[in-house]
Amino acid sequence: MIERFRGNPIIRAEDIPVPCNTVFNAAATVYKDEYILLVRVEGVEGKSSLWLARSKDGMKFEIGKKPALSPSDQEPFKTYEKRGLEDPRITKMDGTYYIIYTAYSHYSPRLALAKTEDFEKFERIGLISEPVNKNAVMFPKKFNGKFIRFDRPMAAGIATWISYSNDLIYWGDSKVVFETRQGYWDADRIGPGAPPIRTEKGWLLIYHGVKMTSAGPIYRLGVALLDIKNPSRLIGRSEEPILSPTEYYERVGEVPNVVFTCGAILEKDGELKIYYGAADTSICLVTAHIDDLLSAIKITN
Ligand code: BMA
């Protein structure tokens, strides 16, 4: 169902114009006639910042000359971004591109939100959760006047939660949407991956699942389907992963056995380009037809 791009990895540390440790976990979107990735680059010292990569075909990317977003020197962000910015996700709504990322500090990770309209100027909106929270994805539309996000408060990392907001700053009415499954590839931890994609059958969410082994965690990707009108209702999810670390570049690297997505782009013909971090070391691409992903869903609700 999934086809790996033959030219993987599409972005490596050597492609960044300054010395860095790794490059991985990128947000993905389309702006004007370009594919845009917002790439997590971990510097040699160990802190991450977010860099822009642009492409005409979604496969060959050009990296910017400097980071688009790096740890802020302005409060209140300064305190909470001291250890870097990680794992961004982009959601487009009414001409604005919202970027949720993980703000990292000695207080542990929390969620932060920024926006841009042109990928030139970026503006921070707020710190939108307490620690520990990660992996937030925003829906590309409002529901009954409210913004919706999924996220993964730590609480052992066992569940995807939904929260609502009127103004993007204050979020609440939080509850669990779905959780880890014993005996499965997503038994020990889960987290939202790419922002939800609208389909005829419901909202398709690509998420990561972790299974612990005696040699450490294995990160895989799977899909979940949520009710189109009420995304807090899970319709079903894939029994099997859609992507597992099997290639050398997914098995070996900074963190072995990891495929981890923060962004996917749906083409007009139904092909989905899924960008993912491989072994926390490079950025790779797979494609899948949206109908095949939908047919992998086992309806449980
Ligand atoms: C998660 C996040 C990701 C990372 C993954 C695998 O907890 O920190 O940034 O890709 O672990 O190491």
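Preceding this paragraph is the structure being described.
So, here is what we can say about the structure in this document. (Residues numbered from 1 in each chain as written. Predicted model: local features only at pLDDT ≥ 70, side-chain atom pairs only at ≥ 80, totals over all residues. Heavy atoms only, no water.)

### Some details on the nonpolar core
1) Next: L204, I206, I242, L272, I274 and Y276 are the most contacted members of the largest nonpolar core, which totals 24 residues.
2) Next: Elements supplying a minimum of two residues to this core: β16 (202-213), β17 (216-226), β19 (259-266), β20 (271-278), β21 (282-289) and α3 (290-295).
3) Next: By residue number, the principal contributor to this core is β20, which donates four residues.
4) Next: Once residues lying within four places of it in the same chain are set aside, the contact partners of I242 are M1, I2, I206, L221, G222, V223, I274 and L293.
5) Next: Membership of the second largest hydrophobic core comes to 19 residues, among which are A13, Y35, A53 and Y275. (Core = buried A, V, L, I, M, F, W, Y, C linked by side-chain atoms within 4.5 Å. Buried < 20%, exposed > 50% of the residue type's maximum accessible area, 1.4 Å probe, protein only. Helix = DSSP H or I, 4+ residues; strand = E, 2+ residues; numbered from the N terminus. Contact = heavy atoms within 4.5 Å.)

### What about the site of the ligand?
1) Next: In the vicinity of the ligand, the residues found are N25, R40, D87, K134, Y219, V255, V258, F260 and D280.
2) Next: Taking N25, its side chain carries an N or O atom lying 2.9 Å from an oxygen atom of the ligand.
3) Next: Measuring from an oxygen atom of the ligand, one finds a side-chain N or O atom of Y219 at 3.1 Å.
4) Next: When the ligand sits alone it has 310 Å² of accessible area, and the protein chains cover 85% of it.
5) Next: Using a 2 Å cut-off from the grid points, one finds that the ligand occupies the second largest pocket.
6) Next: Within the shell around the ligand, the residues separate by chemical class into four nonpolar, one polar and four charged. (Near = heavy atom within 4 Å. Polar contact = N/O pair within 3.5 Å; in protein donor to acceptor, adjacent residues only side chain to side chain. Areas by Shrake-Rupley, 256 points an atom, 1.4 Å probe, with all protein chains shown as cover. 1 Å grid on protein atoms, 1.4 Å probe; cavity = no way out; pocket = protein on both sides within 12 Å on 5 of 7 lines; lining within 4 Å. Sits in = over half its atoms within 2 Å of the grid points. Nonpolar A, V, L, I, M, F, W, Y, C, P; charged D, E, K, R; others polar.)

### Describing the sheet that holds strand β12 (residues 159-165)
1) Next: With respect to topology, four strands assemble into an open sheet ordered β10-β11-β12-β13, the strand pairing being antiparallel. The outermost strands of the open sheet, each flanked by one partner alone, are β10 (133-138) and β13 (171-179). Averaged over all pairs of adjacent strands, the angle between strand axes in this sheet comes to 30°, irrespective of strand direction.
2) Next: As defined by bridge partners, β12 adjoins β13 across six bridges and the pair is classed as antiparallel. By the bridge assignment, W161 is partnered in β13 with V176. (Pairing = 2+ DSSP bridges. Axes fitted to C-alpha atoms, helices over the stretch in contact; angles between N-to-C directions.)

### Regarding the pairing of β17
1) Next: The buried fraction of β17 is high, at ten of eleven residues.
2) Next: The hairpin formed by β16 and β17 contains two residues between the paired strands.
3) Next: Pairing of β17 with strand β18 (residues 234-238) involves three bridges; the strand directions are antiparallel. The partner of L225 across the bridge, within β18, is G236.

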